[in-house]
Each structure stands twice: as structure tokens, then as C-alpha cells.
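Structural overview for review
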Amino acid sequence: MGTLLVNKPGSLTTVQDLGRPGFGAMGISPSGAADPVSLRIGNRLVGNSENAAALEMTLLGGEFQFSEDALIAVTGSDFGATADGAGLALNAAASVRANQSVKFGPTKSGARCYLCVQGGITVPQLSGSRSTHLLSGLGGHEGRALKKGDILPIGDVSRSVRQRKISPKLWSELAPRKMLRVTEGPQWPNFSDSMKQRFLAQKYAITEEANRMGIRLQGDTLDMSLTGEMISEGVSLGAIQMPPSGQPIILFVEQQTTGGYPKIANVIAADLASVGQLRPRDEIRFELVTMEAARKLFLKQETILASSELIEE
Amino acid sequence: MTPHLRENFRFQAASDQSLLVYFGEKISIETHRRIVRFLKLLEAKRLNALQNIHPAYCSVLVKFDALKFTHSEIESLLTPYLARLEDVKLSEPRVRKIPVCYGGEFGPDIVEVASLRKIAVEEVIRLHSSAEYTVYFLGFVPGFAYLGGLPEQLTTPRLDVPQKKVPAGSVAIGGGQTGVYPVSTPGGWRLIGQTPLKLFRPDAQEQSFLAIGDEVRFEPITKEKFAELAEA
């Protein structure tokens, strides 16, 4: 069985698959890849099941070595990946030899980059998932971000796969967006018409406080003095809550499972992967869509992700 | 849906892949018990359409696969469960005691809570530690118990700007609610004390010290006792 050695961890690198749903009643959010679209594409490129675990890097990537020859795919944002100095194309499978140095640098585009390997990262499963939940110290590699010297197991490779890449045409339909589509949140009626209009009209900047738990935004302050307090309730992934400060917070993959701030809107399922690519100082806007429109966009995204034409031999 | 059910429940879409079921509009032990009954029914007869369940004071949020189901289909699947709540028998609650060192460095906001409510700090401690609480649900972060039963005299508004880092074990008040932070996390409640107990252990068989439906009491302890228990 091959292994992956961490020579440099980068700023925040964790083992992630598609998450561990089903523990909401204990207060544990599913975690999982912040940009699941990129993880799924990477896994398809190397012939893994879509839910295989990979490395998720954040803003600044690390340096890694494989103990045996490996087929890898780098997806998500461009972190300037190289193998022994030779550039590795994004969204394409590539062979690397044993002990070559696979290096990543600072991001040139969005917040997260994925290193997928054929066979997957096979740290032990916890409740059916290999995802790291940093806040609770659950799952992944010892429940934490990777450190220099960590050695991770790689699954046995059962079949050979030819070199593959992503169809540029279909990728353009999956690429991360800065105009995030939202549906009305459960407390939408509690906000005044002028607050709703301002929320939808203005640009919001991503602040430095953007992580796997949530993303704080900065824009023109909404006056929350008349909106009142509410009883804490379950919050969904992508909920946009409005605390008394009047500056919104998008709840993300390691989110709190319940909360007491009113939710003005919720990012639609099809745009959640885009949230995973937002980095500090990016500017975003929100566009309101109906539940029916959101559902159609989600179905369309899934159709593209499942399409055989997405991957070109 | 029957008119009887209509009076007792309200469905509200929360996102394109989740639905809130409201069991009432106020925090009460009756509403809580109906939620516990609902969870017991779901435990006894799993509904595979549901991928995640988040109970809270007056509501349960359910996450579903939006590629397969619409909100109204989920409502139809849940309605037979909601109609059978009165059939469920609840057992006696387990009692859990939580030692707390109130005030000082452990509870930096206790002075403000006292002054907002125009009572002495000692009175805040006496009121908080003499009440009997019920674990209404676990939520927010792993193992965080939302407790019902906070004396009305201790109700204090949440902080306008949540704190970026609340220490693990902090005992806090937010509005009419109280709870203990099991892990260090951002938080918007006012800190009145801290427990040396570890309420969430990722490596333990029973990860959370508290479970939905438990009865909880807080016992004031000294700094010395805190240090002793923290080392144990």
C-alpha cells in the first residue's frame, strides 16, 4: 500500500470527502469538502468513487511525496502545482513517480485546491466518512489539520485509468460564481422591504474571517434594531444569518447546527461549491431565485457532474 | 392535513434542501416533549428521505435530498409521524450535575449581567445554580446543550458582536437561554462562569456528557476546586 508524506502542510490542509451527514441532533455538522464539485471532478479524473477522500488546501498549498508511482489530479483553484518543478495542469489526471516532490504555492484564483489520488486517502473512516471536522477534532487524520511529517495511507489501486481531462465547455458551467443565487430564508418576512432591497442590491466583501465554519461579509450595515430576537432553531448549510451588527454571515460546511440570528436568505445548493472558493477581499452579490428555480439549477449541475462528456480521454 | 394538526404544526422551507417543522412559537416543556416524541418515532421508523435532523426548542429542521424530493413531498412523509405523537411514552429524565466556578476570569460578563438586571452578582449565582434545567436539544457546536428553565430574572440580551473565541467549558446566558460551551468557538452569549468538566470527548464511547431530555443542575465551586477537577 502506498503512502503520502507531508513535507510542508501549507496554511490549512485537511483530509476531506463529501462529509458525514446525520449527526445534527448531537450538534455536529457534516463537514466535508468546501468545494465538493472540485473534489468530485478530481475523483472522477483518477477513477475513484466521487466520495473518495483527498487533500483540501486553503490559500497556500503544501509539499508532498508519494511512496509509489501515483495517478493524481489537481482541481479547484490554481495553486501553481508542480511535480519536481514541472507544471501540473489543473483539472487533468497526471502521473507522478515515487518520491517526486509535488509542490503547491499561494493561490492564483480562489480559496481552495484539491489533491486527489487514485485509490483515495484511506485514513480510518469515522461514522462512514473520512472528513475532518476541525472544530470537534473528529475524523480525517487525527481530527486535525495536517502537519509536517504526517504520513497518510493511500488505497490500493484496482484498475488502470488512461490520462483524462475536463471538457472546458462543461467546466465553464460549473466554474465558481461571484453572483450567488439565494432563496428566501425562514425569517425573510421579518425584514423590511428596504432591508431586503439593500441586501440584494449591494456588493458584499469577504472579510478575513472566512473559514470552514462560516464567512463574515462586510457591506453597508443593515439596521437590525427593529428585527428583534428569535428562538434558536436549526440552520441549514449556506444560511445567511444577520446578527445585530447588520453584517451577514454565511454558514458553511463546519457550521453551527442551530442558531438564534434571523436568516434573511440561503445560498442555493448549486452555488454552495462557489462559496468554498471565496477568499478575503473577494466581492460578491446575491440574486434571489424561487425554490423551483433553485431546484432546477441543482438538477442541472448534477446532470453535468454525472455526464460522461464531462471527462475527456 | 387534519385541522387538529394544522393548529399544532407549521412547515417552513429553510433552504432549497431543508424544511423547518415548528411545533410551537414559545419555549415550553410541552413543546419540547412533543419534539422528543417526534424524534423517538423517527428513530423507531427511519425515514430514508431525511439526511439530517436538527431538533431545537420549538422546531426540527430536516435536510433532504433535493434531487429526489420537493418540500411538499417531505411534508407529506412527515405528517403521519406528527399525527402519532401522543402515542409515544417518555421515560424519566437522567439527572446530570455540572460544577461551575462563577465570575472572575471564568465569567467575565457576570458583572454586566448583574447590572443589566439590577441585582447583585451573588444573586445571579444563586438564581442560576438553584434552578432545574432540561436539555432541550444539542446544537450549535458538538455537544452544546440548550437548557430550558433559566429564571426570568436572568434574561439578558445577546452580545451585538459575537466574540471570536469563547473558552471551552464557559457557562453563558443569551436572551432567555443558558448553556455550556463544550469546545472553544465563537459565541454571542454572555459568560458567567466555567466548568472544568469536558462536555464533549471525540474519542469517548458517549461523546457528549449531555443528551436531549436530561435534567441538569449547576453546582457552584471555588477556584481551587476548579483547578483540582480540571486536573482529574
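Here the structure is a predicted model, which is why all the values come from computation and not from measurement.

Moving on to the overall build of chain A. Along chain A, the regular secondary structure elements total five helices and 22 strands. The C-alpha atoms of chain A give 20 Å as radius of gyration, which agrees with the globular expectation for 313 residues (20 Å, within 12%). The C-alpha extent of chain A, read off along each of the three principal axes, is 60 × 40 × 30 Å. Counting over 313 residues, chain A shows a buried share of 53%.

Here the focus is the environment of Ala265(A). Residue and element names in this part refer to chain A. Structurally, Ala-265 is set in strand S20 (residues 263-267). Looking at Ala-265, the number of C-beta atoms within 10 Å reads 29, which means it is buried. Considered as a pair, Ala-265 and Ile-249 are 16 residues apart in the sequence and their alpha carbons are 11 Å apart. Contact partners of Ala-265, with chain neighbours within four places excluded, come to Val-182, Thr-183, Glu-184, Gly-185, Trp-188, Ile-240 and Phe-286.

Residue and element names in this part refer to chain B. Here the domain parsing of chain B yields domain 1 (3-87) and domain 2 (95-231). Between the C-alpha centres of domain 1 and domain 2 there is a distance of 28 Å. Contact residues are listed per partner, giving eight residues for domain 1 and nine residues for domain 2. Listed by contribution, the elements that provide at least two residues to the side of domain 1 that touches domain 2 are helix H2 (29-44) and strand S3 (50-55).

What follows covers the environment of Val37(A). All names here are of chain A. Its place among the elements puts Val-37 in helix H1 (residues 36-45). Distance from Val-37 to Ala-273, taken between C-alpha atoms, is 6.0 Å for residues 236 residues apart in sequence. For Val-37, the residues in contact, after removing those within four places along its chain, are Leu-174, Ala-273 and Leu-305.

Attention shifts here to unusual backbone geometry. With a phi close to 60 degrees, Asn91(A) is a non-glycine residue in the positive phi region. Relative to the helices and strands, Asn91(A) resides in the loop between strand S7 (86-87) and strand S8 (93-96). Its identity is not glycine, yet Phe140(B) carries a phi of approximately 70 degrees, on the positive side. Mapped onto the fold, Phe140(B) is located in the loop between strand S6 (133-138) and strand S7 (145-148). When the 26 C-beta atoms within 10 Å are taken as the criterion, Phe140(B) is described as buried.

Taken together, the contacts link 40 residues of chain A with 46 residues of chain B. At the level of secondary structure, the elements contributing two or more residues to the side of chain A that touches chain B comprise strand S16 (233-234), strand S19 (258-259) and helix H5 (291-306) of chain A. Of the residues forming the side of chain A that touches chain B, the biggest block, six residues, is contributed by H5(A). Per-class residue counts for the side of chain A that touches chain B are 18 nonpolar, 18 polar and four charged.

Residue and element names in this part refer to chain B. Strand order in the open sheet formed by four strands is S1-S2-S4-S3, with antiparallel pairing between adjacent strands. Two strands in the sheet have a free side with no partner beyond their single neighbour: strand S1 (10-15) and S3. Put simply, the sheet's adjacent strands are angled 25 degrees from each other on average, direction ignored. Strand direction decides the pairing type here: strand S2 (residues 18-22) and strand S4 (residues 59-64), joined by five bridges, are antiparallel. Looking at the pairing, Ser-18 lines up with Lys-63 of S4. Relative to the sheet, helix H3 (residues 71-82) contacts S1, S2 and S4, its axis offset from that of S2 by approximately 45 degrees.

What counts as what
Residues numbered from 1 in each chain as written. Chains lettered and ligands numbered in written order. Predicted model: local features only at pLDDT ≥ 70, side-chain atom pairs only at ≥ 80, totals over all residues. Helix = DSSP H or I, 4+ residues; strand = E, 2+ residues; numbered from the N terminus. Rg over C-alpha atoms; globule rule 2.2 N^0.38 Å. Buried ≥ 20, exposed ≤ 12 C-beta atoms within 10 Å, placed from the backbone. Contact = placed C-beta atoms within 7 Å. Domains from an automatic or database assignment. Nonpolar A, V, L, I, M, F, W, Y, C, P; charged D, E, K, R; others polar. Pairing = 2+ DSSP bridges. Axes fitted to C-alpha atoms, helices over the stretch in contact; angles between N-to-C directions.

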